[in-house]
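Architecture at a glance
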Amino acid sequence: MRKSVLLAGLVAGFSTFAFNAAQAVEIEYWQYVFDTRVKAMDQLIADFQTKNPDITVKQVTFPYADYQTRVIAANMAGNGPDVMQLFYGWLDKFVAGGILQPLPTDAFPHEKIEKDFFPIVSAMKRDDNYYGLPTAVRSLAVFYNKKLFTEAGLDPNKPPQTLDEFVAAAEKIAKHDAAGNVTVAGSTLDMTGQDHQWWREVLIRQFGGEPYTDNDTKVAYNSEAGVQALKFYTSLQTEKKVGAVGFMDEGQAAFRAGKAGMTIDGTFRLGAFSTIKDFEWGVTELPANKDGLRSNYASYFANGIGAKTTGEELEASKKFLTYLTSPEAMAIWLKVVGELPALRSAALTDANLKDPIYGPFLKGLDYAHTTMFKDELGQRQNAIDMVNRVLLEGQSPEDSLKQAAEAEQEMIDAAKP
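Heads up: these notes are all about the structure in this document. As the structure is a prediction and not an experimental result, all values here were calculated from the model.

1. Focus on the overall build of the chain
Looking only at helices and strands, one finds 18 helices and 18 strands in the chain. In terms of overall size, the chain behaves like a compact globule, its C-alpha atoms giving a radius of gyration of 24 Å where 417 residues would be expected to give roughly 22 Å. Here the C-alpha coordinates of the chain stretch approximately 90 × 50 × 40 Å along the principal axes. By sequence separation, contacts in the chain at least 24 residues apart represent 75% of the contacts at least 6 residues apart.

Right, here's the structure in full:
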């Protein structure tokens with residue numbers, strides 16, 4: 001009798017399991033390949049599925065260079081992701097391409113979004129619709145190698161606070177071989193990394209200008225301020241010789257290898273730099289100009305819901321996106337990736353503000369600007385080309401800047417509906 005009851009219970013248990021498995025909804029989440037981001041998402045998915053056993057989330061990743069193309073192609077074929085990560089600067093392209101749907105207001109009321117998130121979340125709003133929300137936000141700061149500071153006779157506990165101090169420290173740290181080639185960079189020069197943002201939203205403003213007007217639809221940097229900002233940046237290689245474009249391929253690689261005294265990068269680099277064992281590093285705010293003016297660039301990757309997602313997949317996607325924008329998920333993302341929580345309450349804690357690593361990035365959010373890109377990839381490449389023409393082809397900063405401004409205005413105009 002006992003065996004019969006036990007067998008019946010086991011059969012019932014397996015039947016329930018089979019029924020639940022059959023009823024489980026599967027959705028796909030897409031993002032680009034970045035080691036710490038993929039690891040963080042694996043943790044988030046596992047936690048979400050534990051709390052929601054009726055939903056299965058499959059993570060799909062692609063190389064960054066291919067990501068947008070893959071999303072666009074999949075959407076055209078009718079098999080795009082249910083939830084996807086996208087850079088805020090891609091929004092116009094994704095909305096125009098019918099890739100995203102507006103966030104349902106029953107799950108994401110606008111008044112709550114605007115009360116709880118940092119103001120830069122407005123970059124994901126078009127007309128009366130939000131199309132995505134971030135788990136994290138990021139700003140820029142100077143990472144510096146305390147070992148190289150000490151070797152150069154600099155105080156490792158007093159990183160540079162002004163542009164003049166920044167250049168002076170970089171000059172002391174930089175080393176060259178007999179042919180004049182950089183062997184240790186005082187500071188990295190990497191427009192393919194975050195330097196194009198430093199030039200655009202920070203240096204131009206510190207030299208008295210602004211990069212754009214009319215809601216970032218009119219290029220305004222073809223000015224004396226723009227010229228001075230470009231001259232300052234390119235002089236780091238041509239005159240000060242503190243670094244070189246292409247040194248060790250990437251700025252972050254040179255810094256990780258202990259071959260760069262400073263590098264300008266974002267919070268997303270914290271996870272990768274945390275594995276450095278050969279030297280101690282610190283973080284400080286981007287340097288101010290001679291008048292004390294600071295500026296910064298804030299950005300984020302948001303998560304949105306695919307335009308073709310409907311029915312039970314849509315309900316599951318709403319649940320998953322709600323989880324991704326929860327304080328719990330943001331805490332995991334901060335720990336694994338290093339990017340700051342997008343919710344003000346989760347980011348602006350006493351512990352975070354006092355933290356020597358997180359603190360400088362949080363301070364940067366107070367005076368940061370967010371470029372409203374129309375063609376992020378094209379506008380970024382345009383800035384890279386502008387610097388390369390000066391450093392690699394010998395074009396004058398004035399002529400290269402003018403050429404860049406004209407080309408970027410054409411991109412912005414072409415993107416208008």
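2. Here's the deal with the sheet that holds strand E13 (residues 262-266)
Strands sit in the order E13-E8-E14 across an open sheet of three strands; the sheet is antiparallel. Because the sheet does not close on itself, it has two edges, and the strands there are E13 and strand E14 (281-284). Ignoring strand direction, the axes of neighbouring strands in this sheet form an average angle of 35°.

3. Section: the environment of Val-387
Relative to the elements of secondary structure, Val-387 occurs in helix H17 (residues 376-391). According to the relative accessible area criterion, Val-387 is buried, its value standing at 1%. As a C-alpha pair, Val-387 and Ala-136 span 251 residues in sequence and 30 Å in three-dimensional space. Residues in contact with Val-387, not counting those within four places in the same chain, are Met-191, Leu-230, Tyr-233 and Thr-234.

4. Side note on H17
Along its 16 residues, H17 runs 23 Å from first to last C-alpha, staying within 8% of the 22 Å computed at 1.5 Å per residue. Listed as buried for H17 are Glu-376, Gly-378, Gln-379, Arg-380, Asn-382, Ala-383, Ile-384, Met-386, Val-387, Arg-389, Val-390 and Leu-391. Elements that come into contact with the buried residues of H17 comprise helix H3 (64-77), strand E3 (83-87), helix H8 (191-206), strand E11 (212-213), helix H9 (224-238) and helix H18 (397-414).

5. Topic: the nonpolar core
In terms of nonpolar packing, the biggest core is built from 104 residues, with Met-84, Trp-198, Tyr-221 and Trp-281 touching the most fellow members. For this core, the domains that each give at least three residues are domain 1 (26-139 + 299-369) and domain 2 (140-296 + 374-414). With near-sequence residues (within four places) excluded, Tyr-221 lies in contact with Trp-199, Ile-204, Glu-210, Pro-211, Tyr-212, Gly-226, Asn-382, Leu-401, Ala-404, Ala-405 and Glu-408. Formed by 20 residues, the second largest nonpolar core is a distinct cluster that contains Ala-40, Leu-44, Phe-48 and Val-57.

6. Remarks on unusual backbone geometry
A positive phi angle, close to 50°, is found at Asp-214, a residue other than glycine. The residue Asp-214 is located in the loop between E11 and strand E12 (218-219) in this model. Unlike most non-glycine residues, Lys-241 shows phi in positive territory, near 55°. Here Lys-241 is to be found in the loop between H9 and helix H10 (251-256). Residue classification places Lys-241 among the partly exposed positions, given a relative accessible area of 44%.

7. Digging into the sheet that holds strand E2 (residues 55-62)
The five strands are arranged E2-E1-E3-E16-E6 in an open sheet whose pairing can be described as mixed. The sheet terminates laterally at E2 and strand E6 (133-134), the two strands that pair on one side only. Summarising the sheet, strand E1 (residues 25-32) and E2 pair through eight bridges and their orientation is parallel. Pairing of Val-25 across the sheet is with Ile-55, part of E2. Sitting on the sheet, H3 touches E1, E2, E3 and strand E16 (301-305), and the angle it makes with E1 is about 140°.

8. With respect to the environment of Gly-261
Within the secondary structure, Gly-261 is located in the loop between H10 and E13. For Gly-261, a relative accessible area of 0% gives the class buried. The sequence separation of Gly-261 and Trp-30 amounts to 231 residues, and the corresponding C-alpha distance is 36 Å. Among all residues touching Gly-261, those that are not within four sequence positions of it are Phe-143, Tyr-144, Asn-145, Leu-148, Phe-149, Ile-173, Ala-185, Gly-186 and Phe-255.

9. What about the side chain of Thr-135?
With respect to the helices and strands, the residue Thr-135 is situated in the loop between E6 and strand E7 (136-137). A distance of 2.8 Å separates the side chain of Thr-135 from the backbone oxygen of Leu-324, its partner in a polar contact.

10. Some details on the packing of H8 against H9
The contact between H8 and H9 brings their axes to 9 Å, and the two run at 140°. Pair H8 / H9 crosses with right-handed handedness. Where H8 abuts H9, its residues Met-191, Asp-195, Trp-198, Trp-199, Leu-203 and Ile-204 lie against Ala-225, Gly-226, Ala-229, Leu-230, Phe-232, Tyr-233 and Leu-236. Grouping the constituent residues of the contact of H8 with H9 by class yields 11 nonpolar, one polar and one charged.

About the thresholds
- Residues numbered from 1 in each chain as written.
- Predicted model: local features only at pLDDT ≥ 70, side-chain atom pairs only at ≥ 80, totals over all residues.
- Heavy atoms only, no water.
- Helix = DSSP H or I, 4+ residues; strand = E, 2+ residues; numbered from the N terminus.
- Rg over C-alpha atoms; globule rule 2.2 N^0.38 Å.
- Contact = heavy atoms within 4.5 Å.
- Pairing = 2+ DSSP bridges.
- Axes fitted to C-alpha atoms, helices over the stretch in contact; angles between N-to-C directions.
- Buried < 20%, exposed > 50% of the residue type's maximum accessible area, 1.4 Å probe, protein only.
- Expected span 1.5 Å × (residues − 1).
- Core = buried A, V, L, I, M, F, W, Y, C linked by side-chain atoms within 4.5 Å.
- Domains from an automatic or database assignment.
- Polar contact = N/O pair within 3.5 Å; in protein donor to acceptor, adjacent residues only side chain to side chain.
- Left-handed = near helix turned anticlockwise from the far one by under 90°.
- Nonpolar A, V, L, I, M, F, W, Y, C, P; charged D, E, K, R; others polar.

In short, geometric facts, not functional conclusions.
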